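Here are the chains, one letter per residue:
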Amino acid sequence: MRFVPVKDEEQQANGVVFRARDLLVRQRTQCINALRGHLSEYGYVFRQGITHAATLIAHVEDPNSFLPESARVILRLLVDTFSALQAQIKELDAEINRRSRADPVAQRLMTIPGVGPIAATAITALVPAAGSFRAGRDFAAWLGLTPLQKSTGGKQKLGAISKRGERTIRRLLILGASAVIRQACRRGAPAGSWLAQMLPRKPKMLVTVALANKMARVVWALLVKGGVYRAPAAAA
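Residues numbered from 1 in each chain as written. Predicted model: local features only at pLDDT ≥ 70, side-chain atom pairs only at ≥ 80, totals over all residues. Heavy atoms only, no water.

1. Observations regarding the overall build of the protein chain
Then, number 1: When helices and strands are tallied, the protein chain shows nine helices and two strands.
Then, number 2: For the protein chain, the sequential pattern of α-helices and β-strands runs α-α-α-α-α-α-β-β-α-α-α.
Then, number 3: Taking the principal axes of the C-alpha coordinates as reference, the protein chain spans close to 65 × 45 × 40 Å.
Then, number 4: Taking all 236 residues of the protein chain together, the buried fraction comes to 35%.
Then, number 5: Relative to all contacts within the protein chain whose residues are 6 or more apart in sequence, the contacts with residues 24 or more apart total 56%.
Then, number 6: As displayed, the protein chain offers around 14,100 Å² of accessible surface, 56% of which is attributable to carbon and sulfur atoms. (Helix = DSSP H or I, 4+ residues; strand = E, 2+ residues; numbered from the N terminus. Buried < 20%, exposed > 50% of the residue type's maximum accessible area, 1.4 Å probe, protein only. Contact = heavy atoms within 4.5 Å. Areas by Shrake-Rupley, 256 points an atom, 1.4 Å probe, with all protein chains shown as cover.)

2. Concerning the confidence of the model for the protein chain
Then, number 1: Mean pLDDT over the protein chain stands at 88; residues scoring 70 or higher make up 92%.
Then, number 2: By mean pLDDT, the top-scoring element of the protein chain is helix 3 (residues 69-102) (94), and the lowest-scoring one is strand 2 (residues 158-161) (64). (pLDDT = per-residue confidence, 0-100.)

3. Description of the side chain of asparagine 14
Then, number 1: Examined against the element boundaries, asparagine 14 turns out to sit in helix 1 (residues 9-40).
Then, number 2: Looking at asparagine 14, the relative accessible area reads 6%, which means it is buried.
Then, number 3: Not counting the four nearest positions on each side in its chain, asparagine 14 is found in contact with Arg99, Asp103, Thr121, Thr124 and Ala125.

4. Let's talk about the environment of isoleucine 50
Then, number 1: Assignment of secondary structure puts isoleucine 50 in the loop between helix 1 and helix 2 (53-61).
Then, number 2: On the accessibility criterion, isoleucine 50 (40% relative accessible area) is partly exposed.
Then, number 3: Note: C-alpha distance between isoleucine 50 and isoleucine 32 (18 residues apart in sequence) is 7.6 Å.
Then, number 4: For isoleucine 50, the residues in contact, after removing those within four places along its chain, are Arg28 and Phe82.

5. Regarding the nonpolar core
Buried together is how nonpolar side chains tend to be arranged in soluble globular proteins.
Then, number 1: Membership of the largest hydrophobic core comes to 35 residues, with the highest contact counts inside it found for Leu109, Val115, Phe139 and Leu173.
Then, number 2: Sorting the residues of this core by element identifies helix 4 (104-109), helix 5 (117-126), helix 6 (136-143), helix 7 (167-187), helix 8 (194-198) and helix 9 (204-225) as the ones contributing at least two each.
Then, number 3: Ranked by residue count, the leading element in this core is helix 9, at nine residues.
Then, number 4: Setting aside its immediate chain neighbours within four residues, valine 115 contacts Leu109, Met110, Ala120, Leu173 and Met215.
Then, number 5: Residues Tyr44, Val60, Val79 and Phe82 belong to the second largest nonpolar core, which totals 14 residues. (Core = buried A, V, L, I, M, F, W, Y, C linked by side-chain atoms within 4.5 Å.)

6. Focus: the side chain of serine 65
Then, number 1: Checked against the element boundaries, serine 65 lands in the loop between helix 2 and helix 3.
Then, number 2: Its relative accessible area of 8% is what places serine 65 among the buried residues.

Shown next as structure tokens:
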């Protein structure tokens, strides 16, 4: 049997902050999707993504746009809701940054490329005792970042990534890995590094998930053994 230690009040508070932010982010996404959907009914099609929210809001507020005033009044309610959610998320982001600066474990986790204050706070709040996992691979499997085993007849066959585990931390690690790979594609990966070898040979999404798996193993090592992240030396 695997026993999980009781979390202290500070860990529970970190979990409350993170879960509250996660809820508001989902509500913000629903709000902006509703705005985009309603505008498309009047023939105005906008690109997806939070970065294009300002364009949608400007169109709703534009008196020269061909929107019925009866519809514009309701759309402004959605705009006001979106703005309120933005302000609340900004407050929670500031609180998460403050908590991450005050937490030595979160500070050590943030030395890992791709792990920021939000991911570090989520890990310290949601991960049970890291020492209960025998190795970093067990921790990555708990997150759902390892391939499914389909071995038979002495032949080892690996399937797709299981996605069976802690969805929140898995999503944050994949987002962090995506940011690292995006920077590597723009500025170039260090010569001889693992990324420099993988990106030309494998699909970008596959490399992203593989990097998230490596990040999970590093997270486990820092939680169990202490210390900070040190980049491996590039192969000659």
